[in-house]
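# Survey of secondary and tertiary structure
One letter stands for each residue in the lines below.
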Amino acid sequence: MSEATSAPVESAAIPATRATLSEAKRVGLILGIALSGGAMAQALLPEGNGAFAATTGVAAASLVAAGLALRRRLGNLLGGFRFATTVLFTLAGASALGTFVLQGRDAADYVAKYGELGRILVALRFDDLFHSLWFGGLVACLIAGLTLSMVTRWPLTSRNAGFFSCHLGLLLVLVGATFSALFAVKARVDLHAGTAATQAMVEKRGMLTGRAVPLGFTLKLDRFDVERYGTEHRLALYRPNSRGGYELEATFDSEVGVRRRLPHGAAVTIDKYYADVGAPGFAAPAKGGFDDPAVVATIERDGVKRQTMFVERQRTAVDLGDGDVLTFERRDDDVKAYRSAVTVQRPGEEKTQVVAVNDPLRFAGWSIYQVNYDPKDPTYSGFEVVKDPGVPWVFLGFAFTALGVAYAFTIEPRRKKSRARAA
Amino acid sequence: MDMTLILNNPLFALTTALYAGATALYVAAWRSTKELVGKLGTALLVAGLSGNALLIVSRWVVAGRPPFKSLMESLIFLAFCMAAVYLALEKLYATRAFGAVATLGSLGALLFAALKWDAEIVKLPPALQSGWFIPHVVVYFVGYASLFVATAVAVVQLVRPELKIRVGSIFDGRALTLDGVVYDAIRFGFTLLTVGLFIGSIWAKSAWGDYWVWDPKENWSLVTWLVYGGYLHLRRVNGWQGRRAAWLAIAGFGIVMFTYLGMEMLPTAQDSAHVYQAQ
């Protein structure tokens, strides 16, 4: 693992070819053992976060213990740059691989999609790659590398503070992630306005397990609101596509007097906007807004101008030539926000709060998130309730890592140069 | 997108032209003995950067939200970040040696934006209405821009290995090698990748209750971070400086580009919340 300051490169004093080959081989051997050991262990052990955490922990502890016992022969290797690089690149490759193979599907799906290769993918647990024990072997190597790199560079000084902060932070993230994997509970609560729940349905990797968990309090949905963006009307240009249909190419707002360029030297300018062409004299609705909107637009092409009225309800469309079509359309009022006014209650304690996306409610050790709504059912609201003891550790690790990296890569190099100038 | 439609936005066309002019002048500055050519290149780039800033601000005003939602908007912002980071490096290292390659990035980003022009402004969904949205995007894109500039310098390092930057770095007043500039830019970019990754994770926790869900974009952000982390470690291994490190820097930026633009190619992307939707 890297130190912030630009220390001399490793192996510089050792004859390059022999030392490099030897060290590279040893690194490859250790990584090979970790990967194959994990692959063999997963044939014997049941699937699950417990097995992953246990085998990863045991493997990491064994590597660290061996590194400490054989400090010169193994400890320095595991805490060295080449081992760190190899582990990081291998983890990168494995993480990338997990995006090329569909994750968490039924075994039959892999056979259907990949044929015989699908069976191999499932056997190697590429179908749940990030929870496979060979991936755990890689994580064990990372933990060992982080730990031993700190041991071999001890003591802590102002020069290597960034290095220690960063590497300790990464270890804290991994500790927190382990707590999350083992002890976090994530569950769904579906409510309608006026109803309440005292338990939630447990989820695992996004799927309901059918198991209920008591919340320890009552969660009542008092009101559910959906806020929408305002409706608007736009001139829309469509072009024919290769599939025989039309594709939206551009749209323009209803601003009057602005000349818009169109393909093939054409142009369009909206001359007038009417909020309600159904009313006598096209009078705008007394309540404001619009009822039956339309625009009158001048289209120019090949030096010829023609004026057309586009009525939204009539879906007026004008052929511009070359297959291009100009029309006047309503833009649906997309959802801007959805939020639930809830009351949470347990003996001696009651709290009322609005829960929205990005604005969860915390109560009795749970975090309650607004995650769902149903456009066909305006009273329905979907919540995710989460209790995760790993989060503080993970976030603390983030802080340590980010501060460490920033210090090591931006502040310490300048301090080093100042020291060099002073010297 | 028919290019005629882009003429409805003359500022975009002007900014693109300014970046193209700056690139041409930086190329000419490689051959010219007159410093004025390089200075004109910088002047055009500053003008282009100003136009780019106006593009972002005007879009922000019209859309009523930060203009980072669609691919086109993000490309325009990336072009701005690339130009700004390059100009900062030009000032810091007192050289225009890699101006031609660096400005190609801003020009390329705008030309690609023209191909991906939005048919209309997309509304911001609830999950993106967060205080974390702007810092997450800004930190990442400045990081990407820094890694791009590192790549541009690495290209110069490979193409013109004989080039030495003259004395004048404000960091320490000593001559720097191109290898050193690449290393500095990657260290800065890696710092921002780290902060951006963690901001994204904290935001995901506040929006959905999970700080990590193995979403393809998350994974590739992690891959990018791991690869540059590997680069920074590998530089300490004997024989991994100079040309080999330059090639690795270029490969690293290839992964950045895949993370940014390639997600829809992945079979696992269908459930991702991060893929740019076709407009």
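Our subject in this report is the structure included herewith. (Residues numbered from 1 in each chain as written. Chains lettered and ligands numbered in written order. Predicted model: local features only at pLDDT ≥ 70, side-chain atom pairs only at ≥ 80, totals over all residues. Heavy atoms only, no water.)

## Observations regarding the overall build of chain A
Our working definition: Starting at the N terminus, helices and strands are each numbered in turn, a helix being any DSSP run of H or I of at least four residues and a strand any DSSP run of E of at least two. Radius of gyration: C-alpha atoms only; globule rule: 2.2 Å multiplied by the number of residues to the exponent 0.38. Between two residues, a contact is recorded if the distance between any of their heavy atoms is within 4.5 Å. Charge assignment: positive for Lys and Arg, negative for Asp and Glu; neither His nor the chain ends contribute. Charge positions come from single atoms, namely NZ of Lys, CZ of Arg, CG of Asp or CD of Glu.
Counting its regular elements, chain A contains 9 helices and 16 strands. Taking 423 residues into account, the globule formula puts the C-alpha radius of gyration at 22 Å, and chain A, at 32 Å, lies well above it. When the backbone C-alpha atoms are referred to their principal axes, chain A occupies close to 95 × 65 × 60 Å. Expressed as a percentage of contacts within chain A between residues at least 6 apart in sequence, the contacts between residues at least 24 apart total 58%. The distance from the centre of the 49 positive side-chain charges to the centre of the 41 negative ones in chain A is 13 Å.

## Here we look at the packing of aromatic side chains
Residue and element names in this part refer to chain A. Using the following cut-off: Working definition: rings of Phe, Tyr and Trp (its six-membered ring) pair if their centres are within 6.5 Å, and the pair is stacked with planes under 30 degrees apart, edge-to-face with planes over 60 apart, and tilted otherwise. With a 1.4 Å probe rolled over the protein chains alone, any residue whose accessible area is under 20% of its type maximum counts as buried; one over 50% counts as exposed, and the rest are partly exposed.
Counted under the stated rule, the structure contains 35 aromatic pairs over all chains. Taking the centre distance of 6.3 Å and the plane angle of 20° together, the rings of Tyr 110 and Tyr 114 count as stacked. Of this pair, Tyr 110 and Tyr 114 both sit in helix H5 (residues 107–114), separated by 4 residues, roughly a single helical turn. The exposure class assigned to Tyr 114 is partly exposed, which follows from its relative accessible area of 24%. Note on Phe 179 and Trp 393: the rings are 6.1 Å apart at their centroids and 70° apart in plane angle, and the pair reads as edge-to-face. In this pair, Phe 179 sits in helix H8 (residues 161–183) while Trp 393 sits in helix H9 (residues 391–422), placing the two residues 214 residues apart along the sequence. Taking the relative accessible area as the measure of exposure, Phe 179 reaches 29% and is therefore partly exposed. A relative accessible area of 37% places Trp 393 in the partly exposed class.

## A closer look at the side chain of Gln370(A)
Put simply, the rule is: Here a polar contact is taken to be a pair of N or O atoms separated by no more than 3.5 Å, where protein atoms must pair a possible hydrogen donor with a possible acceptor and residues adjacent in sequence count only if both atoms sit in side chains.
Within the secondary structure, Gln370(A) is located in strand S15 (residues 366–374). Accessibility expressed as a relative area gives 1% for Gln370(A), which makes it buried. At 2.4 Å, the side chain of Gln370(A) forms a polar contact with the side chain of Ser340(A). In terms of polar contacts, Gln370(A) uses its side chain to reach the backbone carbonyl oxygen of Asn372(A), at 3.1 Å. The residues touching Gln370(A), leaving out its near neighbours within four places in the chain, are Phe224(A), Tyr338(A), Arg339(A), Ser340(A), Val355(A), Ala356(A), Val357(A), Ser381(A), Gly382(A), Phe383(A) and Ala207(B).

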